[in-house]
Amino acid sequence: MHCRRYKPPSSVMGLVLGLICVVEAAKVNKHKPWIETTYHGIVTENDDKVLLDPPLIALDKDAPLRYAESFEVTFTKEGEICGFRIHGQNVPFEAVVLDKSTGEGVIRAKEKLDCELQKEHTFTIQAYDCGEGPDGENMKKSHKATVHVQVNDVNEYSPVFKEKAYRATAIEGKTYDSILRVEAVDADCSFQYSQICSYEILTPDVPFTIDKEGYIKNTEQLNYSKERMYKLTVTAYDCGKNRASEDVLVKVDVKPTCKPGWQGWNKRMEYEPGTGSLALFPSMHLETCEEPITSIQANIELETSHIGKGCDRETYSEKSLHMMCGASSGTVELLPAPSGSANWTAGLPTDNGHDSDQVYEFNGTQAIRVPEGVVSSSLKEPFTISVWMRHGPGAKEKETILCNSDKTEMNRHHYSLYVHNCRLIFLLRQDPSESENYKPAEFHWKLDQVCDKEWHHYVLNIEVPAVTLFVDGVSFDPFLVTEDYPLHASKIETQLTIGACWQGGSAQMSQYFRGNLAGLMVRSGKLEKKRVIDCLYTCKEGLDIQLPEEVGTNIKVQFNPSQSSVTLEGDDMESFDKVMQHVSYLNSRQFPTPGIRHLRISTTVKCLNEESCTSVPDVEGYVMVLQPEEPKISLSGIDHFARGAPEFESAEGVTLFPELRIVSTITREVEAEGDSEDDPTVQESVVSEEIMHNLDTCEVTAVGEELDAEHESLEVDLAQIQQHGLEMSSSNMGLIITGVNTMTNYEEVLHLIRYRNWHTEALFDRKFKLVCSELNGRYISNTFKVEVNVIHTANPMDHVNNAMMQPQFISPIHHGSMDLSGHTLANSHQASVVPSAATIVIVVCVSFLVFVIILGVFRIRAAHQRTMRDQENGKESEMDWDDSALTITVNPMETYEDQHSSEEEEEEESEDGEEEDDITSAESESSEDEEGGEPEDQQAANRQQQLEWDDSTLTY
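Residues numbered from 1 in each chain as written. Predicted model: local features only at pLDDT ≥ 70, side-chain atom pairs only at ≥ 80, totals over all residues. Heavy atoms only, no water.

(A) Just the packing of aromatic side chains, in detail. A complete count under the given rule lists 12 aromatic pairs for this structure. Here the aromatic rings of Trp262 and Phe576 are separated by 6.3 Å at their centres, their planes lie at 25°, and the arrangement is stacked. Highlighted residues: Trp262 in strand 17 (residues 261–263) and Phe576 in helix 5 (residues 573–581), separated in sequence by 314 residues. Accessibility assignment for this pair places Trp262 and Phe576 in one class, buried. Stacked on the ring of Trp502, the Lys or Arg Arg369 has its end atom at 4.0 Å from the ring centre. (Phe/Tyr/Trp six-rings, centres within 6.5 Å; stacked < 30°, edge-to-face > 60°. Helix = DSSP H or I, 4+ residues; strand = E, 2+ residues; numbered from the N terminus. Buried < 20%, exposed > 50% of the residue type's maximum accessible area, 1.4 Å probe, protein only. Lys NZ or Arg CZ within 6 Å of the ring centre and 35° of its normal.)

(B) Expanded view of helix 8 (residues 743–750). Of the residues making up helix 8, those classed as buried are Met743, Tyr746, Glu747, Val749 and Leu750. Mapping the buried residues of helix 8 onto a view down its axis gives an arc of 165°, with all of them on the same face. (Arc of directions from axis to C-beta.)

(C) Quick look at unusual backbone geometry. For the bond running from Asp53 to Pro54, omega is 0°, close enough to zero to count as cis. Relative to the elements of secondary structure, Pro54 occurs in the loop between strand 2 (51–53) and strand 3 (81–87). The phi angle at Asp205 is positive, at roughly 55°, despite the residue not being glycine. On the secondary structure map, Asp205 appears in the loop between strand 12 (196–201) and strand 13 (208–210). A positive phi angle, close to 55°, is found at Asp472, a residue other than glycine. By the secondary structure assignment, Asp472 is in the loop between strand 31 (466–471) and strand 32 (474–476).

(D) Representation of the side chain of Asp253 in the model. Secondary-structure assignment places Asp253 in strand 16 (residues 248–255). Exposure remark for Asp253: the relative accessible area of 18% places this residue in the buried category. Within the structure, Asp253 has its side chain in polar contact with the side chain of Arg167 (distance 2.8 Å). Discounting residues that sit within four places of it in the chain, Asp253 has contacts with Arg167, Ala168, Thr169, Ala170, Arg228 and Met229. (Polar contact = N/O pair within 3.5 Å; in protein donor to acceptor, adjacent residues only side chain to side chain. Contact = heavy atoms within 4.5 Å.)

Take a look at the structure:
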């Protein structure tokens, strides 16, 4: 009986027939489930779900049609898939039915899979349906399908080297394609993760490299004297970028070969500032490979052209250096560091630092005008011009260094120093004189130094007709001198310029300079001595040789003037080696310029057999000058004091820095005792040490308004300053003391600075600040500020007469001795007023307390007045006045006078409060209580006095 088209019953008989039909259908299970014959699956090691292709689905023809045309519904379970069964031995998988009606299933791992143990699994699977009836009778099974599952690898293993350590030997001087090979393996099962893709040498700065196959080779020739054994740390990476679990140590022994050359030296040598001389080659010796040597010559050269202006020189200002070298006064610095008193160089680009000298760059478009008065318009012969210059090959136009020309109307050059076609030329046109004869006017020097892009020091001593040029301390005579007539007399002013020449006729600059300049100085009236010129050029660093007595004198030693190069000659190899071992580097600066100084040794040997004589390769190394400990310059002393007005007005004035102290300290890190690596609690301690060094500038500046020369000044004994070897310049901003000298001498000079003011009536205080520096501003002290107060003696006639005041505002004044903590009072008087910081704070606190009391009294009175007005309003409401015939006039003058008188009384009170410094807060409160306790009748009387009856219209 089949019930494929079932319709809703229209009668009871139809319903019975339908139920019979359903029961009959439930008993039928004719067909077997059907699945694919072959499945392929993939599973990852760290996952349990197998991805099958095709998906696992079992079909059964006994399954009812779920959606019939007439919406026929059956309640049977034939055609449902109840499960899958896997056949095989030790199969780590299971099959699970996800949906019985659709037959969908999935295969998953029962345990963790390991690709390294088994990469693939093959087994069979079979589907079975749910059978017939509630007991599942007549259950049918599908055919067996084959399942192939591949286990995908996870990069869980790291490379492991086959050996715990590797060792090989390499001969020095030889370049290898392969010195040795290291090899690592990976236990992962897949090709991707089991392959070693790269090796790496972790040790930095070693002359070795390693390829992806593990072959190690040297990148440069090895040197036994430099390194006898290299220890390399090598690691490996698989293609999944997993690094080796343990790195491997590779040792490469360098086997020496007999090679002529210098041995036993280090390429890098560190120099710590302040340690004196440093032996550069303490263990050096020359290996000749038993070749008979008859003579040897070695040249050691120290390369310092990149430091400062050719080497490490003192970086004080040129003016200070001239003073240090013994030059007499009168030298004018034309390229100073920008400051308040010398700001014409502010627009020029510099080296942006103070490790070396203040260097100015001129790019062919920049020039500066020197203000009038800095240099005399007509230099008095003899005179000197000195400058540091670095210049390269340039154009064929003239490039002006210094020029003095007509300011307006004409383009005459009075004197000029310029470069033209790598020649240095100095032009000097004589002033008008009685004789109109030709005179030497233009001096030419043809020098390689002018265009070699290196720093050189030029000094011109001018005493016409002779002009002498010194370049780096060596004198040169001009190769060409041309003559010209003196200039015609003129009243036109001149303009001094640097970096170009001013054309007065066209009012523009021309002949621009391209290069670097520093230390441009002009000295009128005297020539520079050769001793001073050598001192200015002398380097503070160089090579030195201090030979002990036991070393023979058969080795010839010759230095160049700057001691940047030394040449040794001799024939005794043993003595020669000892002299080389005593070659040292010396830097006499307390704070040298840090950085690298390159070293080169070039050697020439002579043998008995000239044809087979060996050659010695050059040696290159460098000295690393370490960063010096930076000093901290501290200024301390009395920063606030008061003096009587007569002292300010006296001829001596008031000493500004009576107890000034200048101290300089450096901070060092000192390692504590103990092994800091094993004990993490061990820490480095910081120690501050006091050191002594020079200063080159101290500047005293007025804070606030500038100094008014009409009634105040800063003064110091010039004889004392010159006695200490210093110079002073002053302006309306203050004064500047310059010169390289000890901190003690600067202290003594600063103690002498006095402040005078001969109009102190309106002066209560004056503030100044002091700043000192070293090495042309490289190290700057703290800003030390001083405030001086003026003590005015009060005139008794100017005191306020308390008898004229209201009784309730009179407070007792206690004139006692004043004690201002932290301040020094001279000529103090009992009635003196000292507006110190402590007094101001007390006055402010008392004033604030008085204000709070007045505010409280005012609020109480206001509340009382509101109550009185309410009562008066109540009385007025009971009785109304007929005031139609009355006229009330308010007198505004009386009100104003009352208000004005009250304001005057308040001002007098405040003045009295300022004069009475010792008034107490209790007295202030009592006075306010008295004021607040004014009777109400008196208040009403005051209000009534403000009203006046106009009785002109009343009849009696």
